[in-house]
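For reference, the chains in residue letters:
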Amino acid sequence: MIPIDNGTTENSTPAQTALVTGGASGIGRSTVRLFLTRGWSVVAADLNESSGRALLDEHPNEVAAGRLAFARADVSSEEDVERAAAQAASLTGHLACVVNNAGIGGAFGRITETSVEDWDYTFAVLSRGVFLGVKHAAKIMQAQGTGGAIVNVASLAALTGDAGPQAYSAAKASVVHMSRVFATELGPHRIRVNCVCPGAIATPLNPSASRGFDGSELARAQPLPFVGEPEHLASAIYFLGSSESSFVTGQYLAVDGGLEAAGPRLGQYLGTDPRYGSLVGVNRGNTGVKSTVHGKATQ
Ligand SMILES: NC(=O)c1ccc[n+]([C@@H]2O[C@H](COP(=O)([O-])OP(=O)(O)OC[C@H]3O[C@@H](n4cnc5c(N)ncnc54)[C@H](O)[C@@H]3O)[C@@H](O)[C@H]2O)c1
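Report on the accompanying structure.

The rules behind these values
Residues numbered from 1 in each chain as written. Predicted model: local features only at pLDDT ≥ 70, side-chain atom pairs only at ≥ 80, totals over all residues. Heavy atoms only, no water. Pairing = 2+ DSSP bridges. Helix = DSSP H or I, 4+ residues; strand = E, 2+ residues; numbered from the N terminus. Axes fitted to C-alpha atoms, helices over the stretch in contact; angles between N-to-C directions. Contact = heavy atoms within 4.5 Å. Near = heavy atom within 4 Å. Polar contact = N/O pair within 3.5 Å; in protein donor to acceptor, adjacent residues only side chain to side chain. Areas by Shrake-Rupley, 256 points an atom, 1.4 Å probe, with all protein chains shown as cover. Nonpolar A, V, L, I, M, F, W, Y, C, P; charged D, E, K, R; others polar. Parallel < 35°, antiparallel > 145°, perpendicular 65-115°, else oblique. Left-handed = near helix turned anticlockwise from the far one by under 90°. Buried < 20%, exposed > 50% of the residue type's maximum accessible area, 1.4 Å probe, protein only. Right-handed = clockwise from strand over helix to strand, strands pointing away. Salt bridge = Lys/Arg side-chain N within 4 Å of Asp/Glu carboxyl O.

1. Looking at the sheet that holds strand E2 (residues 41-46)
Next, step 1: Sheet architecture is open: seven strands sit in the order E3-E2-E1-E4-E5-E6-E7, paired in parallel fashion. A single partner strand is all that each edge strand has here, and the edge strands are strand E3 (68-72) and strand E7 (252-255). Taking the axes of each pair of neighbouring strands and ignoring which way they run, one obtains an average angle of 20° across the sheet.
Next, step 2: Across the sheet, helix H6 (residues 166-186) is in contact with strand E5 (148-153), strand E6 (191-198) and E7; its angle to E6 comes to roughly 165°.

Here is the structure:
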């Protein structure tokens, strides 16, 4: 029997805190809910104070017990992120997880018409925001000396060229790679860094994902036949943010109903994939052995 090193000491103390940026809406809000359900204390940081108030109103018992707090923070501001991280660390004295989730759609339109200001704003929130979140989480976790987990929220748009606006996609790609490079640096401190890549998730940021799914273009592209919900992301984030994934670091997990796996579906569009035609059999290439074709596929 090999003794298992649990990687970090996450979950080994009863009172531990997660900081969730963009925690007042959508994926972040579902993530806050799940961590609370699992017994964690949570600080939700967000720029939108009225959504933050609504979140607190939804959880009066947890607020009264000191298990849930809101921090008004702009993730593109180092001062704000540092303050939110310190607030989270002081809630229970043990910051075990930081979820860098805050996001916006950012600049859109043709590259020839995209302004530098809009491009920089997009990167300030989506890329610098994650850098700052990892930086201040790492400082606190290193000082605590008990490891920790950082989960960054990227996007399917980080993995393909046409799943989102250009600035958004490029900034999200930086999130995937930051997760790898920071994971290698922070591993010796038992601080794990991973990221999730959501596909189309029904949140206020992506209203088209919530509209009628059946018969939609999305339903045709996505292998799993149902709408992606914020709760699907919350479970994946919880997995990566808790000791359930103690030996996983530097990874991305696509939570996308199979969109990345399906890829560009070239076979379907070019007619070169027999799954979409009417033939079954085996192609033996140039081996000199005859290929076989069994006529019409029966489904
Ligand atoms: N919904 C999707 O289909 C989808 C797909 C891929 C990736 N994502 C990513 O998931 C994350 C969450 O998005 P969502 O769909 O839940 O959106 P959402 O709009 O419901 O929630 C995002 C939250 O981030 C906050 N926020 C925005 N800018 C901020 C800033 N500068 N500082 C602090 N908070 C800020 C907003 O106020 C909001 O509460 C984002 O990073 C987004 O890019 C979403």
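2. Topic: the site of the ligand
Next, step 1: Surrounding the ligand, one finds 28 residues, the nearest of these being Ser25, Asp46, Asn101, Tyr168 and Thr203.
Next, step 2: Ala73 is positioned with one of its backbone polar atoms (N or O) 3.4 Å from a nitrogen atom of the ligand.
Next, step 3: In this structure, a nitrogen atom belonging to the ligand sits 2.9 Å away from a side-chain N or O atom of Asp74.
Next, step 4: Considering the ligand on its own, with 820 Å² of exposed area, one finds that the protein chains cover 93% of that surface.
Next, step 5: Mapped by element, the contributors of at least two residues to the shell around the ligand are helix H1 (26-37) and H6.
Next, step 6: When its residues are assigned to classes, the shell around the ligand shows 15 nonpolar, ten polar and three charged.

3. Describing the packing of H1 against helix H9 (residues 230-241)
Next, step 1: In the contact formed by H1 and H9, the axes pass within 8 Å of each other and the chain directions differ by 55°. Considering the angle they form, H1 stands oblique to H9. Helix-helix and strand crossings are classified by hand; for H1 and H9 the assignment is right-handed. Residues Gly26, Ile27, Ser30, Thr31, Arg33, Leu34 and Phe35 of H1 pack against Pro230, Glu231, Leu233, Ala234, Ser235, Ile237 and Tyr238 of H9.

4. A word on the pairing of E5
Next, step 1: Burial within E5 is extensive, with six of its six residues counted as buried.
Next, step 2: Neither face of E5 is left uncovered, since the one carrying Gly148, Ile150 and Asn152 and the one carrying Ala149, Val151 and Val153 both have all their residues buried.
Next, step 3: Once you follow strand E4 (residues 95-100) into helix H5 (residues 116-144) and on to E5, the crossover reads as right-handed.
Next, step 4: Two strands pair when backbone bridges link them, and E5 and E6 are joined in this way by six bridges, in the parallel orientation. Bridge assignment links Ala149 to a residue of E6, and that residue is Arg192.
Next, step 5: Viewed along the sheet, the connection from E5 through H6 into E6 turns out right-handed.

5. Describing the pattern of salt bridges
Where charged atoms from two side chains of opposite charge come close, those side chains can pair.
Next, step 1: Taken as a whole and assessed by the stated rule, the structure comprises nine salt bridges.
Next, step 2: Ionic pairing is found between Glu78 and Lys135, a salt bridge with its closest N-O pair at 2.7 Å. One end of the pair, Glu78, is in helix H4 (residues 78-92); the other, Lys135, is in helix H5, with 57 residues separating them in the sequence.
Next, step 3: Under the relative-accessibility criterion, Glu78 is labelled partly exposed at 32%.

6. Some points on the environment of Ala143
Next, step 1: With respect to the helices, strands and loops of the structure, Ala143 is situated in helix H5.
Next, step 2: Taking relative accessible area as the criterion, Ala143 reaches 69% and is therefore assigned exposed.
Next, step 3: Taking the C-alpha atoms as reference points, Ala143 and His189, separated by 46 residues in sequence, lie 9.9 Å from one another.

7. Considering the packing of H4 against H5
Next, step 1: The geometry of H4 relative to H5 is characterised by a closest axis approach of 9 Å and an angle of 40° between their N-to-C directions. Considering their axes alone, H4 and H5 lie oblique with respect to each other. Crossing handedness for the pair H4 and H5: right-handed. Here Glu78, Val81, Glu82, Ala85, Ala86 and Ala89 of H4 lie close against H5, whose contacting residues are Leu132, Gly133, Lys135, His136 and Ile140.
Next, step 2: Tallied by class, the residues present in the contact of H4 with H5 amount to six nonpolar, two polar and three charged.

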